[in-house]
Amino acid sequence: MKEQKIKMTARYVDLHEVKTVGDGILVVGGGGREHAIVEKLRASKNVGDIYGAPGNAGMGVIETGLSATDIDGIVSYVDSHAEIKYTVVAPDDPLAMGLVDKLKAAGHRAFGPVKAAAKLEWSKAYAKDFMKKYAIPTAEYGTFADIDAAKEFVKKSAYPLVVKADGLALGKGVVICQNEEEAVAALEDMMRGKKFGAAGDEVVIEQFLTGYEVSLLVFTDGVHYSLMPTSCDHKRAFDGDKGLNTGGMGAYSPCPIFTAAQLEYTAKNIVEPTIKALEEEGSPFTGVLYFGLMVAGERDIKVLEYNARFGDPETQSVLPLLESDLYEIMQATTDGTLDKLDICWSDKKSINVVLASGGYPLQYKKGCNISGLNTVDNDVNVYFAGVKRDEQGGLATNGGRVLCVQAASDDFATARKKVYDNIAKIKFDDCFYRKDIGAKL
């Protein structure tokens, strides 16, 4: 019997036979970011079947049954499936666990940095020390593994300040503190209360920076690099940037107030020194390097954080603007030939809004039926994240961030109207989303 898969778009469900033309690709991860990656890969004439580890019920991939952190299982699966020619490692956890290292050691091609290079994300303390060593502009800071020393530090600090868990915490391990009482409470939660598990064994305490935030994603092969359009994320759960930090509630691209001169300055003073320094450290970075920037002036630009992969939900606004072949770009980062490509981007304006389950980022229920997907306009993308297939074959909620609705147009106002008009067509119990994504534009 031939293998079959479900293809799901915002407008239809279709059961069909597996393709045989083109390279098989395994995409590790199962969220909206991975769905956006899959759709761009699917557009390549050189890509055949796409597998997911785990994927989700709406992505239209061959689901392997593997979790993104089943490192040995993924390597074994690729070993036993000769049709898989390339593995895209999208989330932070498997990168931090060394999945790319293990795939390469087994003779397989993969997209993403090795564990040593990905340390820029999985250890904030390392990243801060790295920036200090190589004079890359960032906030003043201290790192602490001892809670008493950390408390002594915050007693002497000016406020506001920022307390960060050192390790990976799903984008939520950052607390802005307005006074010593809040800082001590944050330290207790992270270091003694283990709110973020082992990620809080060590903390970074840093100066609070003012300005506006910009995300800059960069393709790199370890030597050469290519800038993507800038983007702006919305981390807080509720309108007006209120509520708890989340994994991201929406994003737009490009950032209209970040000038070409500022982009050039950032490339020369932040991007290039980072890539060169990683090479000097003996861990050249290949894949996508993410720079979270705080911008306070024409040349007052500092690094808030590094990520070692595509951001989420920035990717869902940026990748739809890509006009070149994503698979070709990814292979060039692996082969060290990125400088041979002319990567083209649309000049349209893109915006996305995340539809989440009520209660996110805390407790929320799962299993709510999702309706209205096949009424979405053809020029609007719906990227699937926390979804599963229900007993009737339809889609139901299965996570905090459920869907991401994206549109692009010649101007932000039109793109934004398209997104919100189409969100109104999609229904599930306890759905909530921010109403102000891109409102300031």
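Look up a bit, the structure's there.
Criteria and thresholds
As a convention, each chain's residues are numbered from 1 in the sequence order in which they are written. It should be noted that, the model being predicted, local features are given only for residues of pLDDT at least 70 and side-chain atom pairs only at 80 or more, the latter also being counted only at that level, while totals for whole chains, interfaces and linings use all residues. To obtain the side-chain values, all non-hydrogen atoms of the structure were used and water was disregarded. Paired rings are identified among Phe, Tyr and Trp, the last through its six-membered ring, by centres lying within 6.5 Å, and are further divided according to the angle between planes into stacked (under 30 degrees), edge-to-face (over 60) and tilted (the rest). The helix count covers DSSP runs of H or I at least four residues long, the strand count covers runs of E at least two residues long, and both are numbered beginning at the N terminus. Partly exposed residues are those whose accessible area sits between 20% and 50% of the maximum for their type, while under 20% is buried and over 50% is exposed, using a 1.4 Å probe and protein chains only. The rule for a charge over a ring is simple: NZ of Lys or CZ of Arg within 6 Å of the ring centre, and within 35 degrees of the ring normal. Our working definition of a disulfide is a cysteine sulfur pair at a distance within 2.5 Å. Two N or O atoms count as a polar contact when they lie within 3.5 Å, although within protein this holds only if one can serve as hydrogen donor and the other as acceptor, and sequence-adjacent residues are included solely when both atoms are side-chain atoms. We call two residues contacting when some pair of their heavy atoms lies within 4.5 Å. What makes a salt bridge here is a side-chain nitrogen of Lys or Arg within 4 Å of a carboxyl oxygen of Asp or Glu, nothing more. At least two DSSP bridges between two strands are required for those strands to pair. In this description, a line fitted to the C-alpha atoms serves as the axis of each element, helices being fitted only across the stretch in contact, and the angle between N-to-C directions of two axes falls anywhere from 0 to 180 degrees. With a 1 Å grid spanning the protein atoms alone, the term cavity applies to any set of points in which a 1.4 Å probe fits but cannot get out, the term pocket to an open set with protein on both sides within 12 Å along at least five of seven lines, and the term lining residue to any residue with an atom within 4 Å of a point. Grid points are joined across faces, edges and corners, and a volume is the space filled by probe spheres set on the points. Here the nonpolar core consists of buried residues drawn from Ala, Val, Leu, Ile, Met, Phe, Trp, Tyr and Cys, with membership extended through side-chain atoms lying within 4.5 Å. The residues that make up patches have over 30% relative accessible area and no salt bridge, and they are joined within 9 Å when like-charged or within 5 Å when they are Val, Leu, Ile, Met, Phe, Trp or Tyr. Exposure was quantified through the Shrake-Rupley algorithm and a 1.4 Å probe, taking into account, for residues, occlusion by the shown protein chains and nothing else. Just so you know, the count uses Lys and Arg for positive and Asp and Glu for negative, and it drops His and the chain ends. The atoms used to mark charge sites are NZ of Lys, CZ of Arg, CG of Asp and CD of Glu. To be clear, the arc concerns the directions from the helix axis to the C-beta atoms.

Caption draft 1: Main features of the packing of aromatic side chains. Here the structure, examined in full by the defined rule, presents 13 aromatic pairs. Measuring from ring centre to ring centre gives 6.2 Å for Phe130 and Tyr306, while their planes differ by 80 degrees; the resulting arrangement is edge-to-face. Taken together, the positions of Phe130 in helix 6 (residues 124-133) and Tyr306 in strand 19 (residues 301-307) put the pair 176 residues apart, joining distant regions of the chain. Look at Tyr420 and Tyr433: their rings are 6.2 Å apart centre to centre, the planes differ by 40 degrees, and that puts the pair in the tilted class. Taken together, the positions of Tyr420 in helix 12 (residues 412-423) and Tyr433 in the segment after strand 25 (431-432) put the pair 13 residues apart, joining distant regions of the chain. Residue classification places Tyr420 among the buried positions, given a relative accessible area of 16%. Ring-pair connections join several aromatic residues into one group, and the members of that group are Tyr126, Phe130, Tyr134, Phe291 and Tyr306. The ring of Trp122 carries the charged tip of Lys115 above its face, separated from the ring centre by 5.7 Å. Of note, Lys435 hangs over the ring of Tyr433, and the distance from its end group to the ring centre comes to 4.5 Å.

Caption draft 2: Examining the state of the cysteines more closely. Counted according to the given criterion, the structure contains 0 disulfides. Cys431 provides the cysteine sulfur closest to Cys404, a residue in no disulfide bond, and the two sulfurs are 12 Å apart.

Caption draft 3: Looking closely at the side chain of Ser357. As for its placement among the helices and strands, Ser357 is situated in strand 20 (residues 349-357). Residue class for Ser357 comes out buried when judged on its relative accessible area of 3%. Among the polar contacts made by the side chain of Ser357, one reaches the main-chain carbonyl oxygen of Gly399 at a distance of 2.8 Å. Excluding its chain neighbours within four sequence positions, the residues that come into contact with Ser357 are Tyr364, Lys365, Thr397, Gly399, Gly400, Val402, Phe428, Asp430 and Phe432.

Caption draft 4: Structural view of the pattern of salt bridges. Under the defined criterion, the tally for this structure stands at 23 salt bridges. For the salt bridge of Glu39 with Arg42, the shortest nitrogen-to-oxygen distance reads 2.8 Å. Note that Glu39 and Arg42 are positioned in helix 1 (residues 32-42) at a spacing of 3 residues, about one turn of the helix. Classification of Arg42 as partly exposed rests on a relative accessible area of 23%. Asp377 is paired through a salt bridge with Lys425; the nearest N and O atoms lie 2.9 Å apart. Placement of Asp377 in the loop between strand 20 and strand 21 (381-384) and of Lys425 in the loop between helix 12 and strand 25 is noted, with a sequence separation of 48 residues between them. For Asp377, a relative accessible area of 33% corresponds to the partly exposed category.

Caption draft 5: Broad picture of the sheet that holds strand 6 (residues 84-89). Taken together, 5 strands build an open sheet; the order of strands is 5-4-3-6-7 and the sheet is parallel. Taken across any chain shown, the strands that pair with only one partner, and hence form the sheet edges, are strand 5 (62-63) and strand 7 (110-111). With 6 bridges connecting them, strand 3 (residues 23-29) and strand 4 (residues 47-54) associate as parallel partners. Within the sheet, the bridge partner assigned to Leu26 lies in strand 4 and is Tyr51.

Caption draft 6: Fine view of the sheet that holds strand 10 (residues 174-177). Strand order in the open sheet made by the 4 strands is 8-11-9-10, with antiparallel pairing throughout. At either margin of the open sheet sits one strand with a lone partner, and together these are strand 8 (141-144) and strand 10. Ignoring strand direction, the axes of neighbouring strands in this sheet form an average angle of 20 degrees.

Caption draft 7: Structural detail: the layout of surface pockets. Here the second largest pocket defines a volume of roughly 510 Å³. Within the residue set of the lining of the second largest pocket, elements represented by two or more residues are helix 3 (92-96), strand 10, helix 8 (180-192) and strand 16 (242-245). The biggest single contributor to the lining of the second largest pocket is helix 8, with 4 residues.

Caption draft 8: Seen up close, the nonpolar core. By size, the foremost hydrophobic cluster in this structure holds 74 residues, and its most contacted members are Phe130, Phe291, Tyr306, Ile370, Leu403 and Ile426. At 6 residues, helix 9 (residues 260-280) tops the list of elements feeding residues into this core. Leave out the neighbours within four places in its chain, and Ile370 touches Val387, Leu395, Ala396, Thr397, Val402, Leu403, Ile426, Lys427 and Phe428. With 31 residues, the next largest nonpolar core counts Val61, Ala90, Phe111 and Phe219 among its residues.

Caption draft 9: Layout of a negative patch on the surface. The grouping of Asp146, Asp148, Glu152 and Glu180 at the surface amounts to a negative patch. Counting through the fold element by element, Glu180 comes out in helix 8. Here Glu180 falls in the partly exposed class, since its relative accessible area comes to 32%.

Caption draft 10: The arrangement of the side chain of Lys128 in detail. Along the chain, the position of Lys128 falls in helix 6. Lys128 gets classed as buried once you look at its relative accessible area, which sits at 3%. Here Thr138 takes part through its side chain, which lies 2.8 Å from a polar atom of the side chain of Lys128. Those residues in contact with Lys128 that sit more than four places away from it in its chain are Thr138, Ala139, Tyr141, Val204 and Glu206.

Caption draft 11: Spatial organisation of helix 5 (residues 115-122). Buried residues of helix 5: Ala117, Ala118, Leu120 and Glu121, and no others. One side of helix 5 holds all its buried residues, which, seen down the axis, span an arc of 115 degrees. For helix 5, the elements touching its buried residues are helix 3, helix 6, helix 9, strand 18 (287-295) and strand 19.

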